[in-house]
Amino acid sequence: MTIEAGQKLPNAVFKVMTPDGPADRSVEEVFGGKKIVLFAVPGAFTPTCTMNHLPGYLEHHETILSSGVDAIAVVSVNDAWVMSQWAKATKAEEKIVFLADGNGVFTRAVGMEADMSIPGFGHRSRRYSMIVEDGVVKTVNVEQGRGVDVSGASHILEQLRG
């Protein structure tokens, strides 16, 4: 079942890169007491994710934060090392929180797992975005086709402006 507005995010643990290496961050640590814009991508370094999805959040970073958002986070079914290198390669380290869901535990728990075995990706995340306040989903936007539309930064800005 796909998570819906009004529901609390499930308990899960992400990996994030720290100066000492990968570290655990629980859903409560990331989302508790904060307003977070979360977007999910099928894979770090993939063309659409890198050239079309992430750049919008970088471009609109200040505007999103000035709308009362505490942080922007991205999640992918990748390991913390890959997510860290993607952050560096896109110069997004200081602007976006990169959450590694290497085993897809969070992705499955929110009902966003996608079987992308045919192009050789295995099980990944669907492309989506959410506005989350203190761990409760306020809006969820799931892409129905290829590309970036409702999960992009422009759509989130419209929702934040309400």
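Placed above this text is the structure.
Remember, predicted model here, so these are calculated numbers, not experimental data.

A. The overall build of the chain, seen in detail. Each helix and strand in the chain was counted, giving 6 helices and 9 strands. A compact globule built from 162 residues should have a C-alpha radius of gyration of about 15 Å, and the chain, at 14 Å, falls within 12% of that. Seen through its principal axes, the chain has C-alpha atoms that stretch 40 × 35 × 30 Å. Taking as baseline every contact in the chain between residues at least 6 positions apart, the subset at least 24 positions apart corresponds to 61%. Summed over all atoms, the accessible surface of the chain reaches about 8,000 Å², with 49% contributed by carbon and sulfur. Taking the average place of the 15 positive charges on the side chains of the chain and the average place of its 19 negative ones, the gap between the two points comes to 2 Å.

B. Spotlight on the environment of Arg-126. Checked against the element boundaries, Arg-126 lands in the loop between strand 7 (122-125) and strand 8 (128-133). Between the C-alpha atoms of Arg-126 and Gly-145, which are 19 residues apart in sequence, the distance is 10.0 Å. Apart from the residues lying within four places of it in its own chain, the contact partners of Arg-126 are Ala-40, Met-112, Glu-113, Ala-114, Val-142, Glu-143 and Gln-144. Within the structure, Arg-126 has its side chain in polar contact with the backbone oxygen of Glu-143 (distance 3.3 Å).

C. Up close: the pattern of salt bridges. Under the definition given, this model contains 3 salt bridges. Between Glu-133 and Lys-35 there is a salt bridge, and its shortest N-O distance comes to 3.8 Å. With Glu-133 in strand 8 and Lys-35 in strand 3 (residues 35-40), this residue pair connects regions lying 98 residues apart in the sequence. On the basis of relative accessibility, which here comes to 33%, the residue Glu-133 falls in the partly exposed class.

D. The arrangement of the side chain of Asn-78 in detail. As for its position among the elements, Asn-78 is in the loop between strand 4 (71-76) and helix 4 (80-89). What makes Asn-78 buried here is its relative accessible area of 12%. There is a polar contact of 2.9 Å between the side chain of Asn-78 and the backbone nitrogen of Ala-44. In this structure the side chain of Asn-78 is engaged in a polar contact, spanning 2.6 Å, whose partner is the side chain of Ser-76.

E. Geometry of the environment of Asp-79. On the secondary structure map, Asp-79 appears in the loop between strand 4 and helix 4. On the accessibility criterion, Asp-79 (37% relative accessible area) is partly exposed. Between the alpha carbons of Asp-79 and Ala-100 there is a distance of 5.3 Å; along the sequence they are 21 residues apart. Setting aside residues no more than four positions away along its own chain, Asp-79 makes contact with Ala-100 and Gly-102. Of note is the side chain of Asp-79, whose polar atom sits 2.9 Å from the backbone nitrogen of Trp-81.

F. Main features of the nonpolar core. Judged by nonpolar contacts, the single largest core of 25 residues is most densely connected at Val-37, Tyr-57, Ile-64, Trp-86, Ile-96 and Phe-98. Secondary-structure elements contributing two or more residues to this core are strand 3, helix 2 (47-59), strand 4, helix 4, strand 5 (96-100) and helix 6 (153-161). Those residues in contact with Ile-96 that lie beyond four places of it in its chain are Phe-39, Leu-54, Tyr-57, Leu-58, Ile-72, Ala-73 and Val-74. Grouped together as the second largest cluster of nonpolar side chains are 23 residues, Ala-12, Val-30, Leu-38 and Ala-71 included.

Criteria and thresholds
Residues numbered from 1 in each chain as written. Predicted model: local features only at pLDDT ≥ 70, side-chain atom pairs only at ≥ 80, totals over all residues. Heavy atoms only, no water. Helix = DSSP H or I, 4+ residues; strand = E, 2+ residues; numbered from the N terminus. Rg over C-alpha atoms; globule rule 2.2 N^0.38 Å. Contact = heavy atoms within 4.5 Å. Areas by Shrake-Rupley, 256 points an atom, 1.4 Å probe, with all protein chains shown as cover. Lys, Arg positive; Asp, Glu negative; His and termini not counted. Charge placed at Lys NZ, Arg CZ, Asp CG, Glu CD. Polar contact = N/O pair within 3.5 Å; in protein donor to acceptor, adjacent residues only side chain to side chain. Salt bridge = Lys/Arg side-chain N within 4 Å of Asp/Glu carboxyl O. Buried < 20%, exposed > 50% of the residue type's maximum accessible area, 1.4 Å probe, protein only. Core = buried A, V, L, I, M, F, W, Y, C linked by side-chain atoms within 4.5 Å.

Spatial relationships are all this shows, so hold off on functional conclusions.
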